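Examining the three-dimensional arrangement
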Amino acid sequence: MTKAPSGRSDTSKSSVLSSEHLTRDLGRRTASGGGIALCAQALILLTQVGYMALMARLLQPDDFGLVAMAASVTAFVGVFADLGLSMVTVQRKEVDHDTVSALFFVNLGVGFGLMPLAWLMAPVATWLFNDPRVFHLVLILAIAIPITAAGAQHKALLIRHMRWMSLHSVNLGSLVCGCAVGVAMAWGWHFEYWSLAGATLTTALVGTTGQWVLSPWRPTRVANWRNARSAISFGINYSGSQFTNYINRQSDNVLVGWKSGPNELGFYTRAYSLFMLPMTLISGPIGSVIIPMLSRLQTQPDKWARTYLSAMRLTLMINTILCILITINAQEIVEIVYGENWSKSGTILAILSLSLITSISGQFGGWALISLGRARELFVFSIFSSLIRFALFLFAIQWGAPGVAVAWCITSWVFTPVLWLYATRGTELRFKDLVKASSLFFFAYIAIVALFILGESVGTSFNALSMLTEGGLVLKTISTMLIYGAFVVAPYRFAGSMWEDMRLFLDKDVHPEDLKH
């Protein structure tokens, strides 16, 4: 056995990586993590909205479009920097020091290898978008790739050990620092689009530094690469699904920028950033605590299935109201956040928001496949969905950014049930279980949105309905919350489902012997 580095014993290294103690009070840790994540994400949301509102008034749509063009290149390359290896660390039942050290060095090497690759793609991006400013933006933004890769394993260990306060402190702190630098560059020094690039680099650097400071683990020379090889195999499949997810998320930007230029792309990206808020605010944080929990339960199929469904219902209960509010208030939200000059973003957001609930629900399929170690199947599905979506984008781009938004909406409603059916194969879950768990929330979304659309279309023909649906942002929000509370939350609560779902989390103790085959 290779001798441990001076000052660090094998025992101490094992204790740093051990997660056995987390099997006690697993449910309470998950519930606590969910609460911390939601609170932290609310602060992050306020920071992001405030930052976007301020920058939208300091910069032009053209500036946002330029950075989105450059980011489409660096995101394309950067998606491979992690190689899915951080998810390996989170998902595996057991990891050792050699494995994590190996994954760290692979992450770092790939990150430094991809940075010059992005630089080589800069001339291609300049030619594709026909704007020389994109070249230098790609060179600068690519620096964030190895910086982020250097903290990937430390962040994964914070998640694995359910150190939610540390994790979200780093996320919030790095965002605040990045926003401060961006605003200072735009407001104080008038750096225009460079201020957005400065904010991105600052966020990456502060985030990686914070992850190193708060995680006690440190990489050392790898004595045995055997376990790392199987881990890398899982990671490559997961990374493949992330790459195709990139195609889903970035191909629309590339096509809009190529066809219509940075101005139109600026309107589209600002609408898309608001469209992503429910997923960023609720689904992302909940998924970050649910996937580690489900991974710990993968050897107990019954408990895994019950926990999965309860997490799904609770996530939909919180998210559905946000989806409704964004859908019916799209124009008003854009005017408040960005100003009246961004009304075109309001039109795009109104279209995109019609697929909010399905975009969120599609993530449930990912929970199942990732927590069960079925990364290859997720990769296969993501290839299938990305190719179809890209083909539809190519057809829809002739109608500009609104046409692409319609294409996104259609594919989201089609792909979500297909992914559910695909992900539940060979598990204790059945497709109809997911449909039954989500039906109340989907019906509420469709019914309430239809009510407001009807109210706007009938005008003054029905005074009561017109007052309800055309009363401005505040009145529409209040009336929506009352309707949702009366017809969705109350039945869910009185039926005992809410308390049962919460109890499943708070009573999810897992003993070490349960995790053994």
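Rules and cut-offs
Residues numbered from 1 in each chain as written. Predicted model: local features only at pLDDT ≥ 70, side-chain atom pairs only at ≥ 80, totals over all residues. Heavy atoms only, no water. Helix = DSSP H or I, 4+ residues; strand = E, 2+ residues; numbered from the N terminus. Buried < 20%, exposed > 50% of the residue type's maximum accessible area, 1.4 Å probe, protein only. Contact = heavy atoms within 4.5 Å. Areas by Shrake-Rupley, 256 points an atom, 1.4 Å probe, with all protein chains shown as cover. Axes fitted to C-alpha atoms, helices over the stretch in contact; angles between N-to-C directions. Nonpolar A, V, L, I, M, F, W, Y, C, P; charged D, E, K, R; others polar. Salt bridge = Lys/Arg side-chain N within 4 Å of Asp/Glu carboxyl O. Phe/Tyr/Trp six-rings, centres within 6.5 Å; stacked < 30°, edge-to-face > 60°. Lys NZ or Arg CZ within 6 Å of the ring centre and 35° of its normal. Expected span 1.5 Å × (residues − 1). Bend = angle between axes of the 7 residues up to and from the residue. Parallel < 35°, antiparallel > 145°, perpendicular 65-115°, else oblique. Left-handed = near helix turned anticlockwise from the far one by under 90°. Polar contact = N/O pair within 3.5 Å; in protein donor to acceptor, adjacent residues only side chain to side chain. Core = buried A, V, L, I, M, F, W, Y, C linked by side-chain atoms within 4.5 Å. Patch = residues over 30% accessible without salt bridge, like charges linked within 9 Å, V, L, I, M, F, W, Y side chains within 5 Å. pLDDT = per-residue confidence, 0-100.

The subject of this paragraph is the overall build of the chain. Helices and strands together make up the secondary structure of the chain, namely 22 helices and 0 strands. Relative to its 517 residues, the chain shows a buried fraction of 55%. The long-range fraction of contacts in the chain, counting pairs at least 24 apart against all pairs at least 6 apart in sequence, stands at 84%. Put simply, the chain shows about 21900 Å² of open surface, and 66% of that area lies on carbon and sulfur atoms.

With that settled, the discussion passes to the packing of helix α16 (residues 356–371) against helix α17 (residues 375–396). Where α16 meets α17, the axes come as close as 7 Å, and the angle between the chain directions of the two elements is 145°. Of α17, the residues touching α16 (which contributes Gly 366, Leu 369 and Ile 370) are Ala 375, Glu 377 and Leu 378. Counted by class, the contact of α16 with α17 contains 4 nonpolar, 1 polar and 1 charged residues.

This structure, assessed with the given rule, holds 7 salt bridges. Residues joined in a network through salt bridges with shared partners are Asp 62, Asp 131 and Arg 133.

On to the packing of aromatic side chains, then. In the structure shown here, the tally under the stated rule is 21 aromatic pairs. Ring geometry for Phe 275 versus Trp 408: centroids 6.3 Å apart, planes at 90°, classification edge-to-face. A residue pair is termed long-range when its members are at least 10 positions apart, and Phe 275 in helix α11 (residues 226–275) and Trp 408 in helix α18 (residues 400–423) qualify at 133 residues. Measuring from ring centre to ring centre gives 5.4 Å for Tyr 338 and Trp 342, while their planes differ by 45°; the resulting arrangement is tilted. Taken individually, Tyr 338 and Trp 342 each receive the classification buried, so the pair is uniform in this respect. Through a chain of ring-to-ring contacts, the aromatic side chains of Tyr 268, Tyr 272, Phe 275, Phe 393 and Trp 408 assemble into a single cluster. Lying across the ring of Trp 408, Arg 389 places its NZ or CZ 4.0 Å from the centre.

Moving on to helix α12 (residues 277–296). Think of an α-helix as turning once every 3.6 residues; residues three or four places apart then point the same way. With 20 residues, α12 should reach 28 Å at 1.5 Å per residue; the first-to-last C-alpha distance of 29 Å fits that figure. Ser 283 marks the point of greatest bend in α12, at about 35°, and the proline Pro 285 comes within the next four residues. Of all 20 residues making up α12, 17 are buried, and the element is well covered by its neighbours.

Here the focus is the packing of helix α5 (residues 97–129) against helix α6 (residues 133–141). The interhelical angle for the contact between α5 and α6, taken along N-to-C directions, is 155°, at an axis separation of 8 Å. Between α5 and α6, the crossing angle belongs to the class labelled roughly antiparallel. As α5 packs across α6, the resulting crossing turns out to be right-handed. Residues Ala 118, Trp 119, Ala 122, Pro 123, Ala 125, Thr 126 and Phe 129 of α5 lie in contact with α6, whose contacting residues are Val 134, Phe 135, Val 138 and Leu 139. Classifying every residue of the contact of α5 with α6 by side-chain character gives 10 nonpolar, 1 polar and no charged.

Note that Phe 105 resides in helix α5. Residue Phe 105 is classed as partly exposed on the basis of its relative accessible area of 36%. Separated by 44 residues in the primary sequence, Phe 105 and Ala 149 have C-alpha atoms spaced 9.4 Å apart. When residues no more than four places from it in sequence are discounted, the contact partners of Phe 105 are Pro 219, Thr 220 and Val 222.

Mapping Thr 269 onto the fold places it in helix α11. A distance of 3.1 Å separates a polar atom in the side chain of Thr 269 from the backbone oxygen of Gly 266. Not counting residues up to four positions away in its chain, the partners in contact with Thr 269 are Phe 64, Ala 68 and Asn 253.

The subject of this paragraph is the side chain of Thr 220. Structurally, Thr 220 is set in the loop between α10 (193–214) and α11. There is a polar contact of 2.6 Å between the side chain of Thr 220 and the side chain of His 97.

This part takes up the nonpolar core. Counting residues in each nonpolar core, the largest one holds 128 residues, and the members touching the most others are Phe 275, Tyr 308, Met 312, Trp 367 and Tyr 484. Ranked by residues supplied to this core, first place goes to helix α13 (residues 301–328) with 15 residues. Leaving out residues up to four positions away in the same chain, Phe 275 has contacts with Leu 349, Leu 352, Ser 353, Ser 355, Leu 356, Ser 359 and Trp 408.

In this model, Asn 130 sits at a positive phi of 55°, which is unusual for a non-glycine residue. If you trace the backbone, Asn 130 turns up in the loop between α5 and α6. Phi at His 190 is positive, roughly 55°, even though this residue is not glycine. Looking at where His 190 falls in the secondary structure, it is placed in the loop between α9 (164–188) and α10.

Moving on to a nonpolar patch on the surface. A cluster of nonpolar side chains, namely Phe 384, Ile 388, Val 406, Ile 410, Val 414 and Val 418, defines an oily patch on the protein surface of about 480 Å² accessible area. Those elements that place two or more of their residues in the nonpolar patch are α17 and α18. Looking at which element gives the most residues to the nonpolar patch, the answer is α18, with 4 residues. The topology assignment puts Phe 384 in helix α17. Residue classification places Phe 384 among the partly exposed positions, given a relative accessible area of 42%.

Before going further, it helps to examine α5. Taking 1.5 Å per residue, 33 residues should reach 48 Å; α5 reaches 45 Å between its end C-alpha atoms and fits that length. The largest bend in α5 is about 35°, located at Met 121, with the proline Pro 123 one to four residues further on. With a side-chain oxygen lying 3.2 Å from the backbone nitrogen of Asp 98, the N-terminal cap of α5 falls on Asp 96. Backbone geometry just after α5 places Asn 130 at a positive phi near 55°.

So, on to the confidence of the model for the chain. Detailed reading of the predicted coordinates is not advisable wherever pLDDT is low. The predicted model of the chain averages 82 in pLDDT, with 85% of residues at 70 or higher. Note that residues 508–517 has pLDDT below 50 and, in this model, 30 contacts with residues that lie over four places away or in other chains.

Here the focus is the environment of Val 95. With respect to the helices and strands, Val 95 occurs in the loop between α4 (85–91) and α5. Judged by relative accessible area, Val 95 falls into the buried class, the value being 17%. For the pair Val 95 and Asn 227, spaced 132 residues apart in sequence, the C-alpha to C-alpha distance is 8.7 Å.

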